[in-house]
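# Structure assessment
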Amino acid sequence: MSGCVVYIDDEPMICRVVTLGLRKRGIDVITFTDPCKAIEYIQNTDVAVVFSDYRMPQMTGSELLQTIETTAGFYIVTGGTGAFDDPVLKAHNCRILLKPLDFDEMAALVEEAGS
Amino acid sequence: MTTERSITLVKGLSRPAALFGLTGICIGASELWGGLHDDVALDSFVQRLLDEDVTELRIESPRGIIRWSVSRFTEEGRTAAILVLADRAPELGWPREEKTRSLFESSQVGLNLCRMDGRWLESNPAFLHIIGYAAEEADSGLTYWELTPREYDEQEREQLASLAETGRYGPYEKEFIRKDGTRIPVRLNGFLIKRDGDEFIWSMIEDISAERALREQIEVERLKAFQASRLATLGEMAAGFAHEINNPLTVIDGYATLLRELGTAEDPDLLAEACDSINDAVSRISHIVGGLGRLSRIDSATYLAEVPLSEVVGDAVRLTLRRLQHHGVTLTAECCDTVVACQPIELSQVIINLINNAFDAIKGTASAWVRVECFVRDEEVRIVVEDSGTRPPPEVAARMFEPFFTTKPVGEGTGLGLSISQGILVQMGGELELDIDQPNTCFIARFPVGVAQ
């Protein structure tokens, strides 16, 4: 697989458990609790898949999507429902994953992007 | 010359009484001089009629234009003008008795004259219509009291006291018992009249059933609006709540999954059991939160798909049939193939929810059954889910659509099923209701067909 996997969530514990869960499935994840730092990273690195939380203090996942210019697979992760009504996400036909997360599902999406 | 239709004017006599002779006799005469405020004005008016060559006079009055033809003659050296009423407004000269009679006969307000003891003397057609009796029946000894339900006795005493004290009663509201035994809500007021040493009561009676139905309708709408606003508030809370809960749940669930996968404990069975329990608990909480989340999306715009009704209903029945059969509950479904505009997944969720509710209520009872029937009537889709259980008591029926209201044992129901189902139907422009005319528990989901047939 070319490019890495990025996970963005303001909750450090979720970043940690996602790292462990995906590592168990043979996938290395770089996590960010600050979306601004994530943007900088994504724009300067070869990224294959981005998972981003929807509601974060600095910005929403949809704002993040608008900022980055990437061809990487982009998925929103959310525990709420607001993301379903987001026009930007709708326009990008962006898939939304619900919390609690399913590591197998995430791994499958990463695999899809790699093949 | 003074007749009913003419007036003679003679110069020099300026007072109306003198001018018109017996003025009261001439109908319309008041309009003739009504615009002349003083003697000077009247003088010049008479002068003009006598000197100028006026042949017609038009007087505007509230009853329309009254036309007088004017002619002059000289007699014994004095010039006089004769005004003849050329035409008059049609109502002029209508005998008072006839006028009053037509008011009595044609009025939409019920009118009734009765003695102090309640015996009726005279009723107009409107009143007879209200109470549903023929004139002969009302005249042959029917009394006010026979038609008044007993629970109004106290109120009636107050009104009679008011009549004795002030000569008037009402307006107040009560009911009459109609001839067919039904009751009709009315508003009454009236007054006392005395004649030849005897006392009578004139009453004016209005049928207020339409007004009352409207008031009840308003009350129902108000309650609905209140319910909707409460749901909306709860929805807002729920959206934030869902987000807050799902984050820690993600952590618990993630670690539980990892724990099972590590599988390094001394007792792998116990570890697996522990992990399963954590996962189950999380999924239960997450399910509740998911329901709350849907509640919050009630007002958001949604896409309606056009699908055959039988497909949606079929899905719901297939998913529940096995469970019901397993417990000996008969499930029958009858459905038309009409294509309707709906949110198919949500709608089948509603049906599943209703079937499951029915099942929970009747499982273990003898010859338990659930019946689903769908049809289109008056451009409206109706999905009926009925079961063999008894209709819920009014106190449950009144609250069953409230979020978190449940009659199921703790841990078995979230109390959200019916409120979410209601929300889904409202979103599709319809509503979910309990059919209170059925002895069994029977829910009806209604929504507009919404597609060109």
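The written sequence of each chain sets the order in which its residues are numbered from 1. Key to labels: chains lettered from A, ligands numbered from 1, both in the order written. A pLDDT threshold of at least 70 governs which residues receive local features in this predicted model, and a stricter bar of 80 or more applies before side-chain atom pairs are shown or counted, although totals over entire chains, interfaces and linings include all residues. Hydrogens are left out, water is left out, and the side-chain values use all remaining heavy atoms of the structure.

Residue and element names in this part refer to chain B. Judged by pairing direction, the sheet is antiparallel, and its five strands sit side by side in the order E6-E5-E9-E8-E7 without closing on themselves. Each end of this open sheet is capped by a strand with a single partner; those strands are strand E6 (120-123) and strand E7 (168-177). Each strand axis lies, on average, 25 degrees off the axis of its neighbour in the sheet, ignoring direction. Bridge analysis of strand E8 (residues 183-195) against strand E9 (residues 198-207) gives 10 bridges, and the strand direction is antiparallel. The partner of Leu 188 across the bridge, within E9, is Ile 205. Contacts: residue pairs with any heavy atoms within 4.5 Å of one another. Lines fitted to C-alpha atoms define the axes here, with helix axes fitted over just the stretch in contact, and angles between the N-to-C directions of these axes take values from 0 to 180 degrees. What counts as a helix is a DSSP run of H or I of at least four residues, what counts as a strand is a run of E of at least two, and both are numbered from the N terminus. Together, E7, E8 and E9 form the strand contacts of helix H7 (residues 153-166), whose direction differs from that of E7 by roughly 155 degrees. What makes two strands pair is DSSP finding at least two bridges between them.

All names here are of chain A. At their nearest, the axes of helix H1 (residues 12-24) and helix H5 (residues 103-114) sit 10 Å apart, and the two run at 65 degrees to each other. Classified by the angle their axes make, H1 and H5 are roughly perpendicular. Where H1 crosses over H5, the two elements pack in a sense that is right-handed. Contacts from Val 17, Val 18, Gly 21 and Leu 22 of H1 reach H5 at Phe 103, Met 106 and Ala 107. Charged residues are taken to be Asp, Glu, Lys and Arg, nonpolar residues to be Ala, Val, Leu, Ile, Met, Phe, Trp, Tyr, Cys and Pro, and polar residues to be all remaining types, Gly included. Within the contact of H1 with H5, the residues separate by chemical class into six nonpolar, one polar and no charged. Roughly parallel covers angles under 35 degrees, roughly antiparallel covers those over 145, roughly perpendicular covers 65 to 115, and oblique covers all other angles. Left-handed is the label given to a crossing in which the near helix is rotated counterclockwise from the far helix by less than a right angle, and right-handed is the label when the rotation is clockwise.

All right, on to empty space enclosed by the protein then. Residue and element names in this part refer to chain B. The rule is simple: put a 1 Å grid over the protein atoms alone, call a set of points where a 1.4 Å probe fits but cannot get out a cavity, call an open set with protein on both sides within 12 Å along at least five of seven lines a pocket, and count a residue as lining if it has an atom within 4 Å of a point. Grid points are joined across faces, edges and corners, and a volume is the space filled by probe spheres set on the points. Inspection of the entire model under this criterion finds one cavity of 30 Å³ or more. Empty space within the largest cavity amounts to approximately 130 Å³. Considering the residues around the largest cavity, the lining is formed by 13 residues, among which Tyr 144, Glu 156, Leu 160, Tyr 169 and Ile 201 are closest to the centre. Elements with a contribution of two residues or more to the lining of the largest cavity: H7, E7 and E9. Broken down by element, the residue count for the lining of the largest cavity peaks at four residues, all from H7.

Here we come to the pattern of salt bridges. Residues and elements named next belong to chain B. Definition used for salt bridges: Asp or Glu carboxyl oxygen within 4 Å of a side-chain nitrogen of Lys or Arg. Under the criterion given, the structure shown has 31 salt bridges over all chains. Notably, a salt bridge pairs Asp 315 with Arg 318, separated by 2.7 Å at the nearest N-O pair. You can see Asp 315 and its partner Arg 318 sitting in helix H10 (residues 309-326), three residues apart, about one turn around the helix. A relative accessible area of 36% means that Asp 315 is categorised as partly exposed. Exposure categories follow from relative accessible area, calculated using a 1.4 Å probe and restricted to protein chains: below 20% of the type maximum is buried, above 50% is exposed, and the middle band is partly exposed.

Further remarks concern the environment of Leu 89 of chain A. All names here are of chain A. With respect to the helices and strands, the residue Leu 89 is situated in helix H4 (residues 87-91). The sequence separation of Leu 89 and Glu 63 amounts to 26 residues, and the corresponding C-alpha distance is 9.5 Å. Leu 89 has contacts with Tyr 54, Ser 62, Leu 65, Ile 76, Ala 83, Cys 94 and Ile 96, leaving out every residue within four places of it along the chain.

Residue and element names in this part refer to chain B. Overall, mixed pairing links the five strands, which are arranged E11-E13-E14-E16-E15 in an open sheet. For this open sheet the edge positions go to strand E11 (330-335) and strand E15 (431-434), each flanked by a neighbour on one side alone. On average, each strand axis in the sheet is tilted by 15 degrees relative to the strand beside it, whichever way the strands run. Pairing analysis gives eight bridges linking strand E14 (residues 380-390) to strand E16 (residues 440-448), with the strands arranged antiparallel. Residue Arg 382 lies in a different strand from E16, and its bridge partner there is Arg 446. The sheet strands contacting H10 are E11, strand E13 (369-377) and E14, and the helix crosses E11 at an angle near 175 degrees. Seen against the sheet, helix H13 (residues 417-427) touches E15 and E16 and runs at an angle of roughly 135 degrees to E15.

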